[in-house]
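Okay, here's what each chain looks like letter by letter:
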Amino acid sequence: MSHGKIYVFLEGWNKAQQQNSFIVKEVNEDGSLAEGMTVLETEPSTGQMKSADYSISFSPDGTKLLVLTEKPFVKDGKEGLRLQVFETSTWTSVWKQDLTLESASEKNPSNEVILDNSGVAYILKDIKISGKEHIYQLITAGDDFSNTAVIDLKTYFPSQQKMIIDNTGKLLICGMLSPLGKRATDWQGIWYLQADAKGKI
């Protein structure tokens, strides 16, 4: 649900076309599904279990939608993402950008997304090296740029966190920190992160 409207997002794989798709349908006021549907994303896929994964985030004012496409796992390859922002009134694309990250391709990468009212996308990325070693990054992207900043949490990991866009339009992340190798419930501190629309922390 976003600003009084309810949407249904569907993901499906087409064997004949060898691709999977991410689709949105609107729910009418009487609870029935609207007639039409909009295909937001497609990605080549040789099998249903080898398909891309999708995540979404509405802007706080509800006028835009971010779709994050996590491209299928590639052995010995780099992680691939696609970010695309849509106007929710017409489902027209505002901007789209494909990113190839420095991190290795994974089957279940950890990427948490949020979108601001101007259409800037943020990804909080957790790269697991081992049980006691993680790399945390903030990826910021827009129509014509993308920036990556490393988040140094030293010997801790965020056991819980929440991402919001604050009333000044900046990204705010807050959460609790636990020592690496310990349980998430063994938290020992609180952390805050604020970043502007270019990803400057």
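The rules behind these values
- Think of each chain on its own: its residues are numbered from 1, step by step along the sequence as written.
- A pLDDT threshold of at least 70 governs which residues receive local features in this predicted model, and a stricter bar of 80 or more applies before side-chain atom pairs are shown or counted, although totals over entire chains, interfaces and linings include all residues.
- Note that water and hydrogens are dropped before the side-chain values are worked out from all heavy atoms of the structure.
- Numbering of helices and strands starts at the N terminus; helices are DSSP runs of H or I of at least 4 residues and strands are runs of E of at least 2.
- Burial classes: relative accessible area under 20% of the type maximum marks a residue as buried, over 50% as exposed, and values in between as partly exposed (1.4 Å probe, protein chains only).
- Any N or O atom pair separated by 3.5 Å or less is treated as a polar contact, with the protein-specific requirement of one donor-capable and one acceptor-capable atom, and with residues adjacent in sequence counted only for side-chain atom pairs.
- For this analysis, residues touch if any pair of their heavy atoms sits within 4.5 Å.

Trainee: Quick rundown of the side chain of Ser 45? Include the residues and the values.
Mentor: Along the polypeptide, Ser 45 turns up in the loop between strand S3 (38-44) and strand S4 (53-58). On the accessibility criterion, Ser 45 (4% relative accessible area) is buried. From its side chain, Ser 45 meets the backbone oxygen of Lys 50 in a polar contact 3.4 Å long. Other than its neighbours up to four places away in sequence, Ser 45 contacts Trp 13, Gln 18, Gln 19, Asn 20, Lys 50 and Ser 51.

Trainee: Could you give an account of unusual backbone geometry, naming the residues involved and the relevant values?
Mentor: Positive phi outside glycine occurs at Asp 76, with the angle close to 65°. Along the polypeptide, Asp 76 turns up in the loop between strand S5 (64-70) and strand S6 (78-87). Classification of Asp 76 as exposed rests on a relative accessible area of 77%. Here the phi dihedral of Lys 154 falls at roughly 60°; this positive angle occurs in a residue that is not glycine. Looking at the secondary structure, you find Lys 154 in the loop between strand S11 (145-151) and strand S12 (156-165).

Trainee: Can you tell me about the environment of Gly 62, naming the residues and giving the values?
Mentor: Secondary-structure assignment places Gly 62 in the loop between S4 and S5. When the C-alpha positions of Gly 62 and Asp 116 are compared, they lie 9.8 Å apart, and in sequence the two are 54 residues distant.

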